[in-house]
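Observations on chain architecture
Spelled out from the first residue to the last, the chains are:
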Amino acid sequence: MIRDGKPEGFFYLDHRTVDLKHNMITDVHVTPGNVHDSVPYLSRLDRQRERFGFKVEAVALDSGYLTTPICRGLKSRNIFAVIAHRRFHPTQGLFPKWKFTYDNERNVYICPEKHELTYRTTNREGYRQYASDPEHCKSCPMLQQCTRSRNHQKVVMRHAWEDSKDWARGNRLSRAGKYLYRKRKETIERSFADAKELHGFRYCRLRGLHNVREQALMTAAVQNMKKMAIHLDRLERQG
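What this report covers is the structure whose coordinates are included nearby. (Residues numbered from 1 in each chain as written. Predicted model: local features only at pLDDT ≥ 70, side-chain atom pairs only at ≥ 80, totals over all residues. Heavy atoms only, no water.)

Structural notes on the overall build of the protein chain
Within the protein chain one finds eight helices and nine strands. Against the globule reference of 18 Å for 239 residues, the protein chain gives a C-alpha radius of gyration of 23 Å, more extended than a compact globule. Counting only C-alpha atoms and orienting by the principal axes, one finds that the protein chain spans roughly 75 × 45 × 30 Å. With an accessible surface of roughly 16100 Å², the protein chain has 52% of that area assigned to carbon and sulfur atoms. Distance between charge centroids for the protein chain: 2 Å, based on 45 positive and 27 negative side chains. (Helix = DSSP H or I, 4+ residues; strand = E, 2+ residues; numbered from the N terminus. Rg over C-alpha atoms; globule rule 2.2 N^0.38 Å. Areas by Shrake-Rupley, 256 points an atom, 1.4 Å probe, with all protein chains shown as cover. Lys, Arg positive; Asp, Glu negative; His and termini not counted. Charge placed at Lys NZ, Arg CZ, Asp CG, Glu CD.)

Details of the sheet that holds strand β6 (residues 108-110)
Through backbone hydrogen bonds, the strands of a sheet pair up, either in parallel or in antiparallel fashion. Strand order in this open sheet of five strands is β5-β6-β7-β8-β9, and the pairing throughout is antiparallel. A single partner strand is all that each edge strand has here, and the edge strands are β5 (101-103) and β9 (155-159). If you compare each strand with its neighbour and ignore which way they point, the axes differ by 35° on average. Note that strand β7 (residues 116-122) and strand β8 (residues 127-131) share four bridges and pair antiparallel. (Pairing = 2+ DSSP bridges. Axes fitted to C-alpha atoms, helices over the stretch in contact; angles between N-to-C directions.)

Re unusual backbone geometry
Positive phi outside glycine occurs at asparagine 78, with the angle close to 60°. Take asparagine 78: it is sitting in the loop between α2 (68-76) and β4 (80-83). We note that histidine 152 has phi near 60°; this positive angle belongs to a residue other than glycine. On the secondary structure map, histidine 152 appears in the loop between α4 (143-146) and β9. On the basis of relative accessible area, histidine 152 is assigned to the partly exposed category, the value being 28%. (Buried < 20%, exposed > 50% of the residue type's maximum accessible area, 1.4 Å probe, protein only.)

Regarding the pattern of salt bridges
Oppositely charged side chains are able to pair whenever their charged atoms sit close together. For the structure on display, the rule yields 18 salt bridges. Glutamate 135 serves as the salt-bridge partner of lysine 138, at 3.6 Å between the closest nitrogen and oxygen. With lysine 138 and glutamate 135 both in helix α3 (residues 134-138) and three residues apart, the pair spans about one turn of that helix. Taking relative accessible area as the criterion, lysine 138 reaches 48% and is therefore assigned partly exposed. For glutamate 197, the salt bridge is made with arginine 202, and the minimal N-O distance between the two is 2.3 Å. Within the structure, one salt-bridge network assembled from shared partners comprises Arg158, Glu162, Asp163, Asp166 and Arg169. (Salt bridge = Lys/Arg side-chain N within 4 Å of Asp/Glu carboxyl O.)

Description of the side chain of glutamate 162
Mapped onto the fold, glutamate 162 is located in helix α5 (residues 162-173). In contact with glutamate 162, other than residues within four places in its own chain, are Thr68 and Arg169. (Contact = heavy atoms within 4.5 Å.)

Brief notes about the layout of surface pockets
Computed from the structure, the second largest pocket encloses a volume of approximately 990 Å³. Lining the second largest pocket are 31 residues; nearest its centre among them are Phe88, Lys97, Trp98, Glu162 and Arg169. Those elements that place two or more of their residues in the lining of the second largest pocket are α2, β9 and α5. In terms of residue count, the dominant contributor to the lining of the second largest pocket is β9 (five residues). Here the lining of the second largest pocket is composed, by residue class, of 16 nonpolar, six polar and nine charged. Both of domain 1 (12-87 + 164-237) and domain 2 (98-161) provide at least three residues apiece to the lining of the second largest pocket. (1 Å grid on protein atoms, 1.4 Å probe; cavity = no way out; pocket = protein on both sides within 12 Å on 5 of 7 lines; lining within 4 Å. Points joined across faces, edges and corners; volume = space filled by probe spheres on them. Nonpolar A, V, L, I, M, F, W, Y, C, P; charged D, E, K, R; others polar. Domains from an automatic or database assignment.)

Thoughts on the packing of aromatic side chains
Inspection of every chain in the model, using the stated rule, returns six aromatic pairs. With a centroid separation of 5.1 Å and 50° between ring planes, the pair formed by tyrosine 102 and tyrosine 109 is classed as tilted. For the pair formed by tyrosine 102 and tyrosine 109, the shared burial category is buried. The interplanar angle of 75° and the centroid separation of 6.0 Å between the aromatic rings of tyrosine 102 and tyrosine 130 together place this pair among those described as edge-to-face. Taken together, the positions of tyrosine 102 in strand β5 and tyrosine 130 in strand β8 put the pair 28 residues apart, joining distant regions of the chain. (Phe/Tyr/Trp six-rings, centres within 6.5 Å; stacked < 30°, edge-to-face > 60°.)

Here is the structure:
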């Protein structure tokens, strides 16, 4: 596994799903450390819905899941998605992408100087290219803050499914979205913390994907038993 801010080495990743009401672990999936969090997400979500008949209304995810396939997949499944903002670091001295406004009706980008970047082509990865007119850019007072290309042309990329990402961003800023995302630290983050601090889940007992999966499932089962005992005790006290 090689990630920013993480130690390099051989690791496994435990992908978990928990419910909002009781923080019960509803799914555990282990992958090698070089598999990104977003890769197995939709398939594991569909597995839970099909196997257990869960009617998933909303999900709250961290910024690692802010990808166009996941946003589109959740939107098509009619699931309210709240995904943390991912911080991008633009080239120093140049305008960030958000300075360029997208006009959905006309399918163009508008630069900070109010000039249009028109659609040119779509590449194999599904990204549309919007390019400025070099003749306008050549004499623009903001050229040095906009682009460093030799032909004085600014190019902005937009994925064909970017609308789904905009939808997810809008959800995050809504009242319901803010409430759901606050609950993450009390649910899934707490679940991982308890597993590490109380159940020895910081390290693998054995090597091999099969053995690590067995450890992850056993740990989740123990955590769920504790949750059930606490919940049943509360119900008894209330009764």
